[in-house]
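Report on the structure
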Amino acid sequence: QVQLVESGGGLVQAGGSLRLSCAASGRTFSLYNMGWFRQAPGKEREFVAAITWSGGSTGYADSVKGRFTIARDNAKNTVYLQMNSLKPEDTAVYYCAAVYYSGIFDTRLRLRPLEYDYWGQGTQVTVSS
């Protein structure tokens, strides 16, 4: 089991940057596939970015491709989301999610909320125009 705690959200002007962090408990963080999702008021939770347990593959929603970067530091049990060129439409609560890998040959990125077993409490990101 793993517990996730997000941090790094806040208020930023359009065009600015933020880096979100997700700290995970447990000694097997390196075996978890990780993802970032976001949910704006009145909207469904949507995929933002994902990274495989090995770090060998990353994936992004079209809306953030080229602006956001997901990375992991297994020594620190942390996954990051670097967000650049932020837009007002990026305003949402951002959630970190984790799911245990299915084996050493697991290279599949998880893009849907239902594919994840563990979630953080979320961190608010507000981008002003």
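Read on for an overview of the structure. The structure displayed is predicted, hence computed values, not measured ones.

Further remarks concern the sheet that holds strand 3 (residues 18-24). Think of a sheet as strands paired side by side through backbone hydrogen bonds, with each pair either parallel or antiparallel. In space, the four strands of this open sheet follow the order 1-3-8-7, with antiparallel pairing throughout. Of all the strands in the sheet, the pair left with one neighbour each is strand 1 (4-7) and strand 7 (68-73). Pairs of neighbouring strands in the sheet enclose a mean axial angle of 15°, with direction left out of account. Strand direction decides the pairing type here: strand 7 and strand 8 (residues 78-83), joined by six bridges, are antiparallel. Looking at the pairing, Thr69 lines up with Gln82 of strand 8.

All chains considered together, the criterion is met by eight aromatic pairs. On the numbers, 5.2 Å between centres and 85° between planes, the contact of Tyr100 with Tyr101 is edge-to-face. Residue class for Tyr100 comes out partly exposed when judged on its relative accessible area of 40%. An aromatic cluster of at least three residues, connected via ring pairs, comprises Tyr32, Trp53, Tyr100, Tyr101 and Tyr118. A cation over a ring is seen here: Arg72 above Phe29, with NZ or CZ 4.6 Å from the ring centre.

Rules of the game
Residues numbered from 1 in each chain as written. Predicted model: local features only at pLDDT ≥ 70, side-chain atom pairs only at ≥ 80, totals over all residues. Heavy atoms only, no water. Pairing = 2+ DSSP bridges. Helix = DSSP H or I, 4+ residues; strand = E, 2+ residues; numbered from the N terminus. Axes fitted to C-alpha atoms, helices over the stretch in contact; angles between N-to-C directions. Phe/Tyr/Trp six-rings, centres within 6.5 Å; stacked < 30°, edge-to-face > 60°. Buried < 20%, exposed > 50% of the residue type's maximum accessible area, 1.4 Å probe, protein only. Lys NZ or Arg CZ within 6 Å of the ring centre and 35° of its normal.

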